[in-house]
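As a plain string of letters, each chain reads:
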Amino acid sequence: SADLNPYYSERSANHQQGSQAGSEGGAFAKSNPFDIDSLYGGDVINKVMQYADITSNMASKMDFDVIHAHDWMTMLSGIKIKQKTGKPLVMHIHSLEVDRSGTDSRGFVYDLEKKGMEYADLLVPVSNFTADNINQYYGISKNKMSVVHNGSRPVEAFKSRRRYKEKTVLFVGRLTRQKGPEKFLDIAAKVLEKNPDVRFVMAGVGDYFKSVLEKSSYQSIGNRFHLTGFLNMQKLNYLFSVSDVYCMPSVSEPFGLSAVEAAHFGIPCVISKQSGVAEVLSGALKFDYWDINKAADSILSLLNDKVLRKKVVSDASKNLESITWDHSASKIIKAYSEHQFI
């Protein structure tokens, strides 16, 4: 494999030069194609094109069996490497432009996704939900796909003492249209109408932060609705450890790993049907993202019904046994073999 780190820095370049002196890798390190300070700033599309040129030139001098690309930023690279080497191209689809920007979204990213997926020999969507979207909005046959759900790493779950008496309902994710943060706010308002002794915590940042903050004040639930902003993993784990229900109201969620993380902490989940994780967390309570009343009723039931809560947590615990990266890797190897790539 190539020691190609997209997160370029002077330090990493010096390390590569020291360990690869006189090699092609050392020469590459000196080329300084990416700058860590502006990797995701400026002209990202131009950087995607640069990356495709660099990787395709490197690949033409390497020996390998399969090209495996992930999402739109590496699709052009995958296409160029296949054109130069003739090796089979697998594209792993974690997220789509129609998830992020809506089903009517068109433009450079959508066009590149469509071209890349048409050019690939095999697509690996992370859920049947994503496979359906690829088929419906990009016109690509499901015969070209092998669905492989994401896995998760086991965590050492723990419980912490809350600093307040109310029950806690948690949301974790980017505050963007795709994740449904405003739906979470509406669900909170519905729950608080029937049970004011509940706190709702929204952890994350994004372009909806300001509108959600303003709307929570307008609805007069600000004293029970808290936006934390960005939190590191240690603080997120603390939130998991004090929460009673996890709610994921995503509008379009290819997978939804945060719900799996919540399940690891023994938190019952209420998740939208428009998500990949709904396919593997069969024990979770599910709702259509637009059905605010059903979501609120599910949360109230879990807060009030200990028998239901225990069943949902137990069912999810059984589901977690098969939501592992080893299981996902085995399915990818099987897909390689079925398509005679290895």
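To be clear, the structure that these remarks concern was listed above.
Our subject in this report is the structure included herewith. As the structure is a computational prediction, the values presented were derived from the model and not from experiment. (Residues numbered from 1 in each chain as written. Predicted model: local features only at pLDDT ≥ 70, side-chain atom pairs only at ≥ 80, totals over all residues. Heavy atoms only, no water.)

Turning our eyes to something else, we now look at unusual backbone geometry. Even without being a glycine, aspartate 71 presents a positive backbone phi close to 60°. Structurally, the position occupied by aspartate 71 is in helix H4 (residues 71-85). A positive phi is found at glutamine 340, a non-glycine position, where the angle reads about 60°. Mapped onto the secondary structure, glutamine 340 falls in the segment after helix H14 (325-338). (Helix = DSSP H or I, 4+ residues; strand = E, 2+ residues; numbered from the N terminus.)

All right, on to the nonpolar core then. Core analysis: the largest hydrophobic core is formed by 29 residues, its most contacted members being Ile187, Phe200, Phe225 and Ile299. Listed by contribution, the elements that provide at least two residues to this core are strand S4 (167-172), helix H8 (181-194), strand S5 (198-203), strand S6 (225-229), strand S7 (245-248) and helix H12 (292-304). Beyond its immediate chain neighbours, meaning those up to four positions away, isoleucine 299 contacts Val169, Ile187, Val191, Val245, Cys247 and Val270. (Core = buried A, V, L, I, M, F, W, Y, C linked by side-chain atoms within 4.5 Å. Buried < 20%, exposed > 50% of the residue type's maximum accessible area, 1.4 Å probe, protein only. Contact = heavy atoms within 4.5 Å.)

Further remarks concern the pairing of strand S2 (residues 89-93). Burial of S2 is extensive: five of the five residues sit out of reach of the surface. Here S2 shows no split at all, with Leu89, Met91 and Ile93 on one side and Val90 and His92 on the other all buried. Note that S2 and strand S3 (residues 122-125) share four bridges and pair parallel. By the bridge assignment for S3, isoleucine 93 is matched with proline 125. (Pairing = 2+ DSSP bridges.)

A few words on the side chain of serine 252. Summarising the element assignment, serine 252 is placed in the loop between S7 and helix H11 (257-264). Within polar-contact distance, the side chain of serine 252 engages the side chain of aspartate 99 at 2.4 Å. When near neighbours in sequence (up to four residues on either side) are disregarded, serine 252 contacts Asp99, Phe129, Asn133, Gln178 and Gln274. (Polar contact = N/O pair within 3.5 Å; in protein donor to acceptor, adjacent residues only side chain to side chain.)

Right, let's talk about the sheet that holds strand S9 (residues 285-287) for a bit. The pairing of strands in a sheet happens through backbone hydrogen bonds and is either parallel or antiparallel. Strand order in this open sheet of six strands is S6-S5-S4-S7-S8-S9, and the pairing throughout is parallel. Among the strands making up the open sheet, the edge pair consists of S6 and S9. Ignoring strand direction, the axes of neighbouring strands in this sheet form an average angle of 20°. Bridge count for S4 against S5 is six bridges, and the pairing is parallel. Each bridged residue has a counterpart across the sheet, and for threonine 168 the counterpart in S5 is arginine 199. Strands S4, S7 and strand S8 (269-272) of the sheet are contacted by H11, whose axis makes an angle of about 170° with S7. (Axes fitted to C-alpha atoms, helices over the stretch in contact; angles between N-to-C directions.)

Another point: the environment of valine 169. Here valine 169 lies in strand S4. Measuring from C-alpha to C-alpha, the distance between valine 169 and aspartate 244 comes to 6.0 Å, with 75 residues separating the pair along the chain. Filtering out sequence-adjacent residues up to four positions away, valine 169 remains in contact with Phe184, Val198, Arg199, Phe200, Val201, Val245, Cys247 and Ile299.

Moving on, we get to the packing of aromatic side chains. Taken as a whole, this structure holds nine aromatic pairs when the rule is applied. Ring geometry for phenylalanine 184 and phenylalanine 200: centres 5.7 Å apart, planes at 70°, overall edge-to-face. With phenylalanine 184 in helix H8 and phenylalanine 200 in strand S5, this residue pair connects regions lying 16 residues apart in the sequence. By relative accessible area, which is 0% here, phenylalanine 184 ends up buried. Note on phenylalanine 240 and phenylalanine 265: the rings are 5.4 Å apart at their centroids and 25° apart in plane angle, and the pair reads as stacked. Residue phenylalanine 240 is located in helix H10 (residues 233-242), and its partner phenylalanine 265 is located in the loop between H11 and S8; the two are separated by 25 residues in the primary sequence. Considered together, phenylalanine 240 and phenylalanine 265 belong to a single accessibility category, that of buried residues. Through a chain of ring-to-ring contacts, three or more aromatic side chains come together here, namely Phe158, Phe240, Tyr246 and Phe265. Across from the ring centre of tyrosine 119, 4.6 Å away, lies the NZ or CZ of lysine 82, which sits over that ring. Here arginine 199 stacks its cationic end above the ring of tyrosine 164, 4.6 Å away from the centre of that ring. (Phe/Tyr/Trp six-rings, centres within 6.5 Å; stacked < 30°, edge-to-face > 60°. Lys NZ or Arg CZ within 6 Å of the ring centre and 35° of its normal.)

Turning our attention to the pairing of S4. The buried count for S4 comes to five of six residues, which makes it a mostly enclosed element. Taking the sense of rotation as the criterion, the β-α-β connection linking S4, H8 and S5 turns out right-handed. Examined bridge by bridge, S4 and S7 share two bridges and lie parallel to one another. Its bridge partner lying in S7, leucine 170 is registered against tyrosine 246. (Right-handed = clockwise from strand over helix to strand, strands pointing away.)

Under the defined criterion, the tally for this structure stands at zero disulfides. Left unpaired, cysteine 247 is separated from the closest cysteine sulfur, that of cysteine 269, by 9.5 Å. Judged by relative accessible area, which is 0%, cysteine 247 ranks as buried. (Disulfide = S-S within 2.5 Å.)

Here we take up helix H6 (residues 108-119). Between its first and last C-alpha, H6 extends 16 Å over 12 residues, near the 16 Å set by a 1.5 Å rise per residue. Of the residues making up H6, those classed as buried are Val109, Tyr110, Leu112, Glu113, Gly116 and Met117. Buried residues of H6, seen end-on, are gathered within an arc of 165° and therefore sit on one face of the element. For H6, the secondary structure elements touched by its buried residues are H4, S2, helix H5 (97-101), S3 and helix H7 (128-138). (Expected span 1.5 Å × (residues − 1). Arc of directions from axis to C-beta.)

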